[in-house]
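Fold and geometry: a report
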Amino acid sequence: TSELSRHRFCVIFSSMSFRDKKVFGYLLAASCVFFWGITFVCTKYLLTDFSPLEILFYRFIAAYIGLWILRPRFEKIAVRDNVLFALAGFSGVILYQLFENIAINYTNASNVSVIVSICPLFTAIFSQIFLKEKHLSLWFIVGFVISITGVTLVCLNGSKTLEFNPRGDFLALFSAVCWGIYSVVISIINRKNYDQICATRRIFFFAVLMMIPLMFFTKQNNILENTARFTNPLNVLYMLFLGLVASDFCFAAWNKACKIAGTVKVSCGLYLIPVVTIIFAFFVLGEKITLLGALGTAITIAGLFVSEKND
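Report on the accompanying structure. (Residues numbered from 1 in each chain as written. Predicted model: local features only at pLDDT ≥ 70, side-chain atom pairs only at ≥ 80, totals over all residues. Heavy atoms only, no water.)

1. Re the overall build of the protein
Helix and strand counts for the protein stand at 13 helices and zero strands. Walking the protein from its N terminus toward its C terminus, one meets helices and strands in the order α-α-α-α-α-α-α-α-α-α-α-α-α. Taking all 311 residues of the protein together, the buried fraction comes to 46%. Carbon together with sulfur atoms contributes 69% to the accessible area of the protein, which is approximately 16000 Å² in total. (Helix = DSSP H or I, 4+ residues; strand = E, 2+ residues; numbered from the N terminus. Buried < 20%, exposed > 50% of the residue type's maximum accessible area, 1.4 Å probe, protein only. Areas by Shrake-Rupley, 256 points an atom, 1.4 Å probe, with all protein chains shown as cover.)

So this is what it looks like as structure tokens:
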């Protein structure tokens, strides 16, 4: 059973030295960065046969079932807190993930990964506004300006006339803003000390629930239509990867890595996600790596690091 496996892992982990635990934490974080970097490429591939909403719907059904397998127990919560979980599902899954999927449909997976990487900046801004947390310093403002400059260059990537093609890039930027809102809601939920896996599963539940009417009203193909899509092994593999690996495993692994090695040190690795995406998009999707795009990516990542610097 999953509980027995969890107990065995705890026994093995407790017998490890402090140094080995640190190394293990960094390995967990590195695996999350690697897998999350691939998600943009997987989504781009799936968009050939599925709509952005369908990818989201099937992915989070798989993720929801996976979390029940991972933690097969029910946790009681205050009825009024369901509003928070529903809001988290709406902002962090439907708005963030859906607009990210739509953005990838109109622009390069590389572009979207770089633009979305500035999520922490919007998280810091909204946290200071709504949670009264102090994040906005001189270094943060400088880093924000540097990152936005890099994002601008990425948006211009491949454009000979240096003109924006705003459809996909601005959707990706809006997706990053939605993640900032989601992060504020999650901060409020975390203060209530719910089990993290059970809480995430409830967020996924509300997200899937809200997606059902969208599937009907937008006349999306249901699972009984165009079944040929599901006979493609890569379609099934990528969908399961997005749900079980990128959503379930990475969530659990990332939380464990933060607990072992420290949230601040581990979070810096998130800025390398665009690098992973660009490399895989080049080899798998054939997306070109231009000098302007590479420069914009480097500037964006540099700005994110600067924004984390303390006064």
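2. Notes on helix 9 (residues 196-217)
Between its first and last C-alpha, helix 9 extends 32 Å over 22 residues, near the 32 Å set by a 1.5 Å rise per residue. A distance of 3.1 Å separates the backbone nitrogen of Ile197 from a side-chain oxygen at the start of helix 9, and that oxygen is part of Asp195. (Expected span 1.5 Å × (residues − 1). Polar contact = N/O pair within 3.5 Å; in protein donor to acceptor, adjacent residues only side chain to side chain.)

3. A word on unusual backbone geometry
Most peptide bonds take the trans form, and the phi angle of most residues other than glycine is negative. Notably, Asn193 is not glycine yet its phi reads approximately 60 degrees, a positive angle. On the secondary structure map, Asn193 appears in the loop between helix 8 (166-190) and helix 9. Judged by relative accessible area, which is 67%, Asn193 ranks as exposed.

4. As for the packing of helix 3 (residues 52-70) against helix 10 (residues 233-261)
Two measures define how a pair of helices packs: the angle their axes make with one another and the distance between the axes. Put simply, helix 3 and helix 10 touch, their axes get as near as 8 Å, and they point 45 degrees apart. The angle between helix 3 and helix 10 falls in the class oblique. The handedness of the crossing between helix 3 and helix 10 is right-handed. Residues Ile55, Tyr58, Arg59, Phe60, Ala62, Ala63, Gly66, Leu67 and Leu70 of helix 3 pack against Met239, Leu242, Gly243, Leu244, Ala246, Ser247, Asp248 and Ala252 of helix 10. Counted by class, the contact of helix 3 with helix 10 contains 12 nonpolar, three polar and two charged residues. (Axes fitted to C-alpha atoms, helices over the stretch in contact; angles between N-to-C directions. Parallel < 35°, antiparallel > 145°, perpendicular 65-115°, else oblique. Left-handed = near helix turned anticlockwise from the far one by under 90°. Contact = heavy atoms within 4.5 Å. Nonpolar A, V, L, I, M, F, W, Y, C, P; charged D, E, K, R; others polar.)

5. Focus: the packing of aromatic side chains
Counted by the stated rule, this structure contains 22 aromatic pairs. Seen in terms of ring centroids, Tyr58 and Phe230 are 5.7 Å apart; in terms of plane orientation they differ by 80 degrees. Their pairing is edge-to-face. Placement of the pair is Tyr58 in helix 3 and Phe230 in the loop between helix 9 and helix 10, with a sequence separation of 172 residues. One cation-aromatic arrangement involves Arg201 over Trp68; the distance from NZ or CZ to the ring centre is 3.5 Å. Here the guanidinium or amino end of Arg202 rests over the ring plane of Phe85, the centre of that ring lying 6.0 Å away. (Phe/Tyr/Trp six-rings, centres within 6.5 Å; stacked < 30°, edge-to-face > 60°. Lys NZ or Arg CZ within 6 Å of the ring centre and 35° of its normal.)

6. Let's talk about the nonpolar core
Among the nonpolar cores identified, the biggest contains 76 residues, and Phe60, Phe85, Val93, Ile189, Ile203 and Met211 are the most heavily contacted of them. Examining the composition of this core, we find that 10 residues originate from one element, helix 10, more than from any other. Filtering out sequence-adjacent residues up to four positions away, Ile189 remains in contact with Leu84, Phe85, Ala88 and Tyr194. (Core = buried A, V, L, I, M, F, W, Y, C linked by side-chain atoms within 4.5 Å.)

7. Regarding helix 13 (residues 291-307)
Over its 17 residues, helix 13 runs 24 Å from end to end, which matches the ideal 24 Å to within 8%, given 1.5 Å per residue. Those residues of helix 13 that sit buried are Gly293, Gly296, Thr297, Thr300, Ile301, Gly303, Leu304 and Ser307. End-on view of helix 13: buried residues confined to an arc of 155 degrees, all on one side of the axis. The inward-facing, buried residues of helix 13 abut helix 5 (109-116), helix 6 (119-130), helix 7 (138-155) and helix 12 (273-285). (Arc of directions from axis to C-beta.)

8. Overview of the environment of Leu67
In this structure, Leu67 sits in helix 3. In this structure the C-alpha to C-alpha distance between Leu67 and Ile197, which are 130 residues apart in sequence, comes to 6.9 Å. Residue contacts for Leu67: discarding those within four places in its chain leaves Ile197, Thr200, Arg201, Phe204 and Asp248.

9. Things to note about the pattern of salt bridges
Under the counting rule described, the total for this entry stands at four salt bridges. Here Asp195 makes a salt bridge to Arg71, at a shortest N to O gap of 2.5 Å. Here the residue Asp195 occupies a position in the loop between helix 8 and helix 9, and Arg71 occupies one in the loop between helix 3 and helix 4 (82-106), the gap between them amounting to 124 residues. We note that Asp195, like Arg71, is buried. Classification of Asp195 by relative accessible area gives buried; the value is 16%. Ionic contacts of the salt-bridge type, sharing partners, join the residues Arg71, Arg73 and Asp195 into one network. (Salt bridge = Lys/Arg side-chain N within 4 Å of Asp/Glu carboxyl O.)

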